[in-house]
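# Working through the structure, step by step
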Protein chains: 2
Amino acid sequence: MNKHGGYYGENQEKVLDFSVNINPLGITEKVKEKLIESINTINRYPEIDGESVKKVLADRLNVETSQVIIGNGVIELIYLFARAFCPNKVVIIQPTFNEYLRAFNLTGSIICNYELTYSNDFNLETNALLGYLKETKPDLLILCNPNNPTGHFIRYKDLLPVISYIKEIGAYLLLDESFIDFTDEESCVNHVKEFPIFILRSMTKFYAIPGLRLGYGIANSNIINKLNEYKEPWTINTFALSIVSTILDDEAFYKESKKWLQAEKSYLYKELKKMKSIDFFNSQANFILCRVKKGNAYEMREKLMKYNIYIRVCDDFVGLDNTYFRVAIKSHKDNVKLINAIKEILQ
Amino acid sequence: MNKHGGYYGENQEKVLDFSVNINPLGITEKVKEKLIESINTINRYPEIDGESVKKVLADRLNVETSQVIIGNGVIELIYLFARAFCPNKVVIIQPTFNEYLRAFNLTGSIICNYELTYSNDFNLETNALLGYLKETKPDLLILCNPNNPTGHFIRYKDLLPVISYIKEIGAYLLLDESFIDFTDEESCVNHVKEFPIFILRSMTKFYAIPGLRLGYGIANSNIINKLNEYKEPWTINTFALSIVSTILDDEAFYKESKKWLQAEKSYLYKELKKMKSIDFFNSQANFILCRVKKGNAYEMREKLMKYNIYIRVCDDFVGLDNTYFRVAIKSHKDNVKLINAIKEILQ
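To continue, consider helix α3 (residues 74–85) of chain B. Residues and elements named next belong to chain B. Counted at 1.5 Å a residue, the expected span for α3 with its 12 residues is 16 Å, and the 17 Å between its end C-alpha atoms agrees. Here α3 lies mainly inside the structure; 12 of its 12 residues are buried. Among the residues of α3, V74, I75, E76, L77, I78, Y79, L80, F81, A82, R83, A84 and F85 are the ones counted as buried. Of the residues one or two after α3, C86 is the one with positive phi, at around 35°.

As structure tokens, then:
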């Protein structure tokens, strides 16, 4: 099993954990109140498949309730898709979140890793991808958009030839938009009726609730029906279900989060640019992939631990090695600490 | 997907829900405090597989940490076992909790339902079962103990010939002890080293936290290792993990629960015995299976709904029909309401 998911070592309370990509604004008082209120209902079973939350989400997304599925985090839905569809051949655009690989390995799929390269700044060229798909003819293509860990985003109009080809050959696209709330880009959610796309959305990251576990998926109702045939009952807890309306209604939180991210990304870019021995990649998400030009990222992590700062070494991502690390974008105070620590280390 | 899990219709707040088997004592102030405290940590990922809770449980159960696995409710572990072991042939002792059937249908197992009968008061005769097992030679036997919905319990010493035979033929026993805390009987947990048993335990029912989702499994470490190969990460939320020590340490709650159950079971037995047109079965759990001698249980449910009382009709259990219903044992006040309502209906 995976070993990531944040720092769990000694002095956990003191350590600034840049390895997990969570909105540092945290939950609001309103969410807190809602959670406290929900304690009174934990002596009841949660809805078997989160029906009322499906309705809330469907209304927001302007889709039908039958096009939505709720999960105990996006993770449940990745594994569920693998089990329900058991695709024979899967193309995964790498480097990316490594649970896709594990989920489809478990169902015995043939995995074809389509690796983006450092020399091309890990950019996806759809023409080249299309060529690869025509060669491999997969049953499923997996794309994380924006991608973890590169932070790159590809727009619908650029992706369209790929999606059209996927449809043409009777395959599916699993499109993980877990980090899309951090971008100003448009989701593919309006295209699930015309194309065989299963879109994943996480509420964990933008709304700072990884401890609660909450994600959802959107697709045409044929895909959702098939997933429901395999879905386990009562996977989403009462607390997670209770706060969905509250967090989605909070426009102030949304705006404040956007403002924070823009300011802090600019700050980090500006500072990282000054560092001659570190490469980094422009990100549309709330994290930045970096690369040390000398030595390896484990050394960097060890040195940063002396400042009680923990970073994510990325050598377990397909196509990356131990020179890569990823940092979350955190509060200004924390980002300053990170930058100052790296500066001291590189001196 | 299943439709049970409690009443979710109109006037939900007013309805006394006898269809779900939850300890009516509810959570204590200590648990409530712990949950409120945990709100401060939901911006972190929960432990990937609940490692620290495994240790707590292993200590209590006097087993190794490597012999414990935590689940998002027992449900996760039932489906996980099905996926990890993919048994070719499964014998399920019926009537019982119907998620076993669904889980092993999904993995394509051949299901052999071994049906206990009304004429034999749904008692399990191990000799007869042994004969059936010798005939069918399954890869897995599933027994819920005490059984839902009959409430019957079978002791280790009586089960031993069956368990020995299961071991002899290289099969497994999935032993669901979700309701064992309500009995005064001994668990099979001390025998997981010598026998291929996967024991399931729920914390949902006795500790009145179905909304939180929490269960665990115990088996020899070979079985647990195999399950971990297939286990999905981060399935157990922060709240569920946070309260385990608190609820297990609360001896007063344990004693009070036992006292309540004994008193209320006696009360319900005494009153049900007076009803000539209702059969019932002695239960070692916190629910009682009943049977109307005339008409069907849907009529009874409809009539009880006029008293804002909801019962579980059991016609979806293999081997039962629409004359059967199940009632949870609730608080004295609620049980009196149930009995008085049934009396009025039967008049």
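Residues and elements named next belong to chain B. Spatially, four strands are ordered β9-β10-β13-β12 in an open sheet, and the strand pairing comes out antiparallel. A single partner strand is all that each edge strand has here, and the edge strands are β9 (278–280) and β12 (312–313). Note that strand β10 (residues 287–292) and strand β13 (residues 324–328) share five bridges and pair antiparallel. Bridging from a neighbouring strand, C290 pairs with F325 of β13.

Let us look at the packing of aromatic side chains. Under the criterion given, the structure shown has 41 aromatic pairs over all chains. Between the aromatic rings of Y118 of chain A and F281 of chain A, the centroid separation amounts to 6.2 Å while the plane-to-plane angle is 80°, which identifies the pairing as edge-to-face. Of the two residues, Y118 of chain A is situated in the loop between β4 (110–115) and α5 (126–136) and F281 of chain A in the loop between β9 (278–280) and β10 (287–292); the sequence distance between them amounts to 163 residues. By relative accessible area, Y118 of chain A is classed as partly exposed at 34%. Measuring from ring centre to ring centre gives 5.2 Å for F122 of chain B and F281 of chain B, while their planes differ by 70°; the resulting arrangement is edge-to-face. Of the two residues, F122 of chain B is situated in the loop between β4 (110–115) and α5 (126–136) and F281 of chain B in the loop between β9 and β10; the sequence distance between them amounts to 159 residues. Here a set of aromatic residues connected by ring pairs shows up, and it is made of F179, F182, F206, Y207, F253, Y254 and F287 of chain A. Here R326 of chain B stacks its cationic end above the ring of F287 of chain B, 5.7 Å away from the centre of that ring.

Reading guide: rules and limits
Residues numbered from 1 in each chain as written. Chains lettered and ligands numbered in written order. Predicted model: local features only at pLDDT ≥ 70, side-chain atom pairs only at ≥ 80, totals over all residues. Heavy atoms only, no water. Helix = DSSP H or I, 4+ residues; strand = E, 2+ residues; numbered from the N terminus. Expected span 1.5 Å × (residues − 1). Buried < 20%, exposed > 50% of the residue type's maximum accessible area, 1.4 Å probe, protein only. Pairing = 2+ DSSP bridges. Phe/Tyr/Trp six-rings, centres within 6.5 Å; stacked < 30°, edge-to-face > 60°. Lys NZ or Arg CZ within 6 Å of the ring centre and 35° of its normal.

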